[in-house]
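Chain by chain, the residues run as shown.
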Amino acid sequence: MLNYSIRRLLLAIPTLIAISLIIFLLLDLAPSDPTANLPLTIPPEVREKIRQSLGLGDPIYIRYLLWCKQFFVNEPLNILEQWFGWGSGDRLRVLSWQTRSPVVDLIVERMPQTLWVVGMSYVVGVLIALPIGIISAYRQYSWFDQIGTFVSMVGFSVPTFFTGVLVIVIFSVWLGWFPSIYDTTHQVTDWESFLFQVRQMIMPVAVLALFNAAQISRFMRASMLDNLNQDYVRTARAKGLRERTVVMIHVLRNSLIPVVTVIALGVPQIFGGAIITEQVFKVNGLGQLLIISIQGGDLPTVQTLTFIFAVLIIVFNLVADVLYGILDPRIRYD
Amino acid sequence: MSEDGAAVLDVKDLRTVFETAQGAIHAVNSVSFDLRPGELLGVVGESGSGKSVTMMSLIGLLGTTAATVDGAHVNFDGMDLLRVTEDELRAVRGAGIGFVFQDPMTSLNPVFTVGFQLMEPLRNHMGMTTREARQRAVELLELVGIADAEKRLSDYPHQFSGGMRQRVMIAMALSCDPKVLIADEPTTALDVTIQAQILELMKELRHKLGMAIVWITHDLGVIAGIADRVMVMYGGQIVELAPVIELFKNPQHPYTRALLQTVPSVRGSRAERLRVIQGQPPILFSPPQRCSYSARCNHAFDRCLAADPARISVGDGHDVACFWDPETGEPR
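K.L.:
Tell me about the interface of chain B and chain A, and name the residues and values.
P.N.:
Facing the 27 residues of chain B at the interface are 21 residues of chain A. Counting each side, the surface lost to burial between chain B and chain A is near 2,200 Å², with a carbon and sulfur contribution of 59%. Contact with chain A buries area across many residues of chain B, yet B:R90, B:V111 and B:E120 alone supply 23% of it, more than any other trio. The interface formed by chain B and chain A includes 1 salt bridge. Close ionic contact of B:E120 with A:K239 constitutes a salt bridge, the shortest N to O distance being 2.8 Å.

Spelled out as structure tokens, the structure:
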């Protein structure tokens, strides 16, 4: 398993280099202009100079190699040097065209909001989905299953920009229970502020959790149904095991194998942020950063963010495969 | 085997009905039989004749499917299994009555070790500690002829061959010293040499442990070699029940006779075509109003269509449910 993981990680290097190049080329093809958001009074010659100063005059391969050097060499070296005090650690970093601040710093700033809101919604979604999937499958076609199926269909098919606005209208505007805007500057210092944090998180987390739970509960249900009719379940019953043991140990362990894979593959989406939900609730997370950067033609930020998503996707694909190998003894990678 | 002594399992008038979208299907119709201590009772019949369903009904193994099991009584170990609670029934499963199923490739849980699966009933029914259960599991694997038992406990089912898995299944069924072992086509999914090994093993274990066995199969050759008595099932009913030699020498029911003729022989003329019984076994949407075999029977006459023949005794321990007498070729 260790050998396999190392081999996969090594294989990921050329893959990621290829991905970074493709992202770069695609972004270069996109008809965006970093000066487009600047005031109209700026004359065209000045605009052209701004473009030149951002390096847009250079040939594309120079720009790509420059980004590679800044991201793959300078960033890690800076961090190492600062940690161990080897040097100044002030090599040129990937800079955002909009804010002129390092992109990695922007990401680090926005990561906590995204992890709190989107990550929490994922955890909540999974925790809701698993029991619903299990019970729905065990009591197939019961009223519980029917309701679960209906809610899943709603959660899956109604977009978050609709449910998001709907809960804002109901719970913020009409009932006034929760704030409609997520306050990023809020610091949790005591019980009172913690409660406020919980209150401002409830709506975005609920909206996203519904969406996540809808998907995963369907997977869980289908997987349980696949396994409930297997011969080994009959064997377990014939051994005189409690129905609870039969379902929660024999069936569940088998059913979780594909579901865990799906859950692991979904994790990168957390870091990607829920772009739409973050917009609706004004959570300034990674999703919002990506949107702003795209709109502002901020290519280094878009490039770096997209590349980090690609890394996460590859890593969690590996995690899913490793988990698969751990959960299913029939799978051996070496 | 022993003719005296009370039956370990006494089934009277067992009926099983499945509720399906197409309507109620009467899968088991008024089945009565008994099983004597140490006896091996063979159950034969085509697919869909109700062999397995009968045995699963006894012990509530039909699972969550919409099945209704009813009857006069199923006496086992001083209990009526039709009238005990689910918990009491569960305590009988695996402890008093062991099961071996047809397909050893799918009957073991792929994600748990063989040791874990073997120890489960021991801890559950016998209240053994993990250490005692482990000790017993090793003994059981040795009993069914698995070499290196200690080490193999931590192996997963996929690391065993088909025959070895069936040995594990047998070990599991035997783990709590059951009085009755129900073997549902235990050798059907195995190739012939492995089948012979498993048969030998079962014969040996049976004499060693002295339990009664119900052996479900559609292989008459297997039955001839192993059974004491044979029960022939058709349409969810017992059509003939006789000691094994009597059944092969003197089959009474047209269905039994047809079954015996379908067995290919190594000797004899090759020019002859393999015999088949034309048609399909019936799906019964109502309790049988006439002989369920009448549609495929060469000897059927008006009475067979008017009433369902009751089981009558035609000799020492030989019952048949048919209106036609093969001796005379006339209605009885």
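K.L.:
Got a sec to walk through unusual backbone geometry? Specific residues and values, please.
P.N.:
Residue and element names in this part refer to chain B. Even without being a glycine, D13 presents a positive backbone phi close to 60°. Position of D13 among the secondary structure elements: in strand β1 (residues 9-20). Of note in the backbone geometry, S30 takes a positive phi value of approximately 55° without being a glycine. As for its position among the elements, S30 is in strand β2 (residues 23-35).

K.L.:
Give a detailed account of the packing of aromatic side chains, specifying residues and quantitative values.
P.N.:
Given two aromatic rings, their pairing is described by the distance between the two centres and the angle made by the two planes. Per the stated rule, a full pass over the model turns up 18 aromatic pairs over all chains. When the centroid spacing of 5.2 Å and the interplanar angle of 5° are considered together, the rings of A:W67 and A:F71 count as stacked. Of this pair, A:W67 and A:F71 both sit in helix α3 (residues 60-84), 4 residues apart, roughly one helical turn. Aromatic pair A:F71 and A:F72: ring centres 5.4 Å apart, planes at 80°, arrangement edge-to-face. For A:F71, a relative accessible area of 15% gives the class buried. A residue is classified by how much of its surface remains accessible, and A:F72, at 36% relative accessible area, is partly exposed. Through pairs of rings, three or more aromatic residues link up here, namely A:W67, A:F71, A:F72 and A:F307. In this structure, A:R253 is placed above the aromatic ring of B:F112, and the distance from its NZ or CZ to the ring centre is 5.6 Å. Here the basic side chain of B:R152 rests over the ring of B:F160, its NZ or CZ set 4.0 Å away from the ring centre.

Cut-offs and rules
- Each residue is numbered by its place in its chain's sequence as written, counting from 1.
- Note on labels: chains are lettered from A, ligands numbered from 1, in written order.
- It should be noted that, the model being predicted, local features are given only for residues of pLDDT at least 70 and side-chain atom pairs only at 80 or more, the latter also being counted only at that level, while totals for whole chains, interfaces and linings use all residues.
- To obtain the side-chain values, all non-hydrogen atoms of the structure were included, while hydrogens and water were left out.
- Here, two residues are considered to be in contact whenever any of their heavy atoms come within 4.5 Å of each other.
- When two parts are brought into contact, each loses some accessible area as probed by a 1.4 Å sphere; the total of that loss over both is the buried area.
- Take a side-chain nitrogen of Lys or Arg and a carboxyl oxygen of Asp or Glu: if they are within 4 Å of each other, that pair is a salt bridge.
- Only runs of H or I of at least four residues qualify as helices and only runs of E of at least two qualify as strands under DSSP, and these elements are numbered from the N terminus.
- Ring geometry is summarised as follows: Phe, Tyr and Trp rings, the Trp one being its six-membered ring, pair when their centres sit within 6.5 Å, and such pairs are stacked at plane angles under 30 degrees, edge-to-face over 60 and tilted between the two.
- Exposure classes here rest on a 1.4 Å probe applied to the protein chains alone. A residue is buried below 20% of its type maximum, exposed above 50%, and partly exposed in between.
- The rule is short: NZ of Lys or CZ of Arg within 6 Å of the ring centre and within 35 degrees of the ring normal puts a charge over the ring.

In short, the description is geometric, and any link to function would need to be established separately.
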